[in-house]
Amino acid sequence: MVLSAADKSNVKACWGKIGSHAGEYGAEALERTFCSFPTTKTYFPHFDLSHGSAQVKAHGQKVADALTQAVAHMDDLPNALSALSDLHAYKLRVDPVNFKFLSHCLLVTLACHHPAEFTPAVHASLDKFFSAVSTVLTSKYR
Amino acid sequence: MVHFTAEEKAAITSLWGKVNVEEAGGEALGRLLVVYPWTQRFFDNFGNLSSTSAIMGNPKVKAHGKKVLTSFGDAIKNMDNLKGAFAKLSELHCDKLHVDPENFRLLGNVLVCVLAHHFGHEFNPQVQAAFQKVVAGVANALAHKYH
């Protein structure tokens, strides 16, 4: 699976529109993930996961900042995400299935907040992009 | 077996009442074929699927999407017995249509995206969670008779 020039352009444009809301959307996507896929909460026993939690807000910002980095380096995701890839492989060891849950909830969050941007083509490009990021983050698992 | 609380049933039924099944069906099936192009393998006789706009505008896609989502609406009326409600359709999808059940999961998630797209903030985390249960239940029910 390869990101085409059109995919990259779609993702850059959409992410650009999000601007400073990225952290807010990151937190919302996490909340949606915890609600819809309760098994994901097992990775956060040390967090307050209630609505509006400061820890979830902060973590959402972290996730969003990493995705912003990824968007800026779409031509070389393995290098750009190398440190995060090590972290997920050796320390966090989040089961790969969970990246699909979070990616889906990121799509849902964007669809809710930016209906005009969330065309079928952009939906496809975003899904591919999140999938590419997930693949890099799980690439050193074994 | 999946159990729905009274709150979940209420949230699902309330939102579904506002869904334009014809429009949403076409949108969901179209997006499935665009976002996961390999799903086009089941629709060789649908005509032009060569571009995003061709797919989204294709009258056969719209008609079939409406059929699929109408059936999905039956699920909403039978949330306590999805396996029973979909037994015949499950046999059909296995024996005649030969559809990998993974496709039901993909379509379920695309439908969730379409609902989010249409309803925006009203499609909050709790409503989404309820719908994720429905789409998972339908996917499992449709896969139940496979052999």
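Residues numbered from 1 in each chain as written. Chains lettered and ligands numbered in written order. Predicted model: local features only at pLDDT ≥ 70, side-chain atom pairs only at ≥ 80, totals over all residues. Heavy atoms only, no water.

Examining the packing of helix α2 (residues 22-36) of chain A against helix α8 (residues 125-143) of chain B
Here's step 1: It is the contact of α2(A) with α8(B), at a shortest axis distance of 8 Å, that shows an interaxial angle of 40°. What the angle tells us is that α2(A) and α8(B) run oblique. Relative to α8(B), the crossing made by α2(A) is right-handed. Across the interface between the two elements, Glu31(A), Arg32(A), Cys35(A) and Ser36(A) from α2(A) touch Pro125(B), Gln126(B), Gln128(B), Ala129(B) and Gln132(B) from α8(B).
Here's step 2: For the contact of α2(A) with α8(B), the residue count by class is 3 nonpolar, 4 polar and 2 charged. (Axes fitted to C-alpha atoms, helices over the stretch in contact; angles between N-to-C directions. Helix = DSSP H or I, 4+ residues; strand = E, 2+ residues; numbered from the N terminus. Parallel < 35°, antiparallel > 145°, perpendicular 65-115°, else oblique. Left-handed = near helix turned anticlockwise from the far one by under 90°. Contact = heavy atoms within 4.5 Å. Nonpolar A, V, L, I, M, F, W, Y, C, P; charged D, E, K, R; others polar.)

Regarding the interface of chain B and chain A
Here's step 1: Facing 21 residues of chain B, the contacting portion of chain A comprises 20 residues.
Here's step 2: Buried surface at the junction of chain B and chain A, summed over both partners, amounts to about 1,700 Å²; 63% is from carbon and sulfur atoms.
Here's step 3: When the area that chain B buries against chain A is broken down by residue, the three leading residues are Arg31(B), Cys113(B) and His117(B), summing to 29%.
Here's step 4: On the surface where chain B and chain A come into contact, there are 0 salt bridges. (Buried area = accessible area lost by both parts, 1.4 Å probe. Salt bridge = Lys/Arg side-chain N within 4 Å of Asp/Glu carboxyl O.)

Focus on the packing of helix α7 (residues 120-137) of chain A against helix α2 (residues 21-35) of chain B
In a pair of packed helices, the angle between the axes and the distance between the axes together describe the arrangement.
Here's step 1: It is at 9 Å that the axes of α7(A) and α2(B) come closest, and there the two elements cross at 45°. Considering their axes alone, α7(A) and α2(B) lie oblique with respect to each other. Seen from above, α7(A) lies across α2(B) with right-handed handedness. Across the interface between the two elements, Pro120(A), His123(A), Ala124(A) and Asp127(A) from α7(A) touch Glu27(B), Arg31(B), Val34(B) and Val35(B) from α2(B).
Here's step 2: Here the residues of the contact of α7(A) with α2(B) are counted per class, giving 4 nonpolar, 1 polar and 3 charged.

As for the packing of aromatic side chains
Residue and element names in this part refer to chain B.
Here's step 1: This structure, assessed with the given rule, holds 11 aromatic pairs over all chains.
Here's step 2: Summarising the aromatic geometry, the rings of Phe43 and Phe46 are spaced 4.7 Å apart at their centres and angled 50° between planes, so their arrangement reads as tilted.
Here's step 3: A relative accessible area of 12% means that Phe43 is categorised as buried.
Here's step 4: Look at Phe46 and you get buried, because its relative accessible area is 12%.
Here's step 5: In textbook terms, an aromatic cluster arises when at least three aromatic residues are bridged by ring pairs, as seen for Trp16, Phe72, Phe123 and Phe131.
Here's step 6: The ring of Phe4 carries the charged tip of Lys133 above its face, separated from the ring centre by 5.6 Å. (Phe/Tyr/Trp six-rings, centres within 6.5 Å; stacked < 30°, edge-to-face > 60°. Buried < 20%, exposed > 50% of the residue type's maximum accessible area, 1.4 Å probe, protein only. Lys NZ or Arg CZ within 6 Å of the ring centre and 35° of its normal.)

A word on the UniProt feature "domain: Globin" (unreviewed entry) in chain A
Here's step 1: The positions UniProt marks with the feature "domain: Globin" (unreviewed entry) are residues 2-142 of chain A.
Here's step 2: The distance separating the terminal C-alpha atoms of residues 2-142 of chain A is 22 Å; by composition the span is 70% helix and 0% strand. (UniProt positions renumbered as here; feature names shortened; annotations may be inferred.)

Some points on the nonpolar core
Here's step 1: Core analysis: the biggest nonpolar cluster contains 81 residues, and Leu126(A), Phe129(A), Phe130(A), Phe72(B), Phe123(B) and Phe131(B) have the highest contact counts within it.
Here's step 2: With near-sequence residues (within four places) excluded, Phe131(B) lies in contact with Ile12(B), Leu15(B), Trp16(B), Ile76(B), Leu115(B) and Phe123(B).
Here's step 3: In this structure, Leu30(A), Phe34(A), Phe47(A) and Val56(A) belong to the second largest nonpolar core, which totals 6 residues. (Core = buried A, V, L, I, M, F, W, Y, C linked by side-chain atoms within 4.5 Å.)

Here's the deal with the side chain of Ser103(A)
Residues and elements named next belong to chain A.
Here's step 1: Note on placement: Ser103 falls in helix α6 (residues 97-113).
Here's step 2: Judged by relative accessible area, which is 12%, Ser103 ranks as buried.
Here's step 3: Excluding residues that lie within four positions of it along the chain, Ser103 makes contacts with Phe130 and Ser134.

Re the environment of Val94(A)
Here's step 1: Looking at the secondary structure, you find Val94(A) in the loop between α5 (82-92) and α6.
Here's step 2: Setting aside residues up to four positions removed in sequence, Val94(A) forms contacts with Tyr43(A), His88(A), Phe99(A) and Tyr141(A).

A short note on unusual backbone geometry
Here's step 1: In this model, Arg93(A) sits at a positive phi of 50°, which is unusual for a non-glycine residue.
Here's step 2: Counting through the fold element by element, Arg93(A) comes out in the loop between α5 and α6.
Here's step 3: Under the relative-accessibility criterion, Arg93(A) is labelled exposed at 55%.
Here's step 4: Positive phi values are uncommon outside glycine, yet His98(B) reaches one of about 55°.
Here's step 5: You can see His98(B) is positioned in the loop between α6 (87-96) and α7 (102-119).
Here's step 6: Taking the relative accessible area as the measure of exposure, His98(B) reaches 54% and is therefore exposed.

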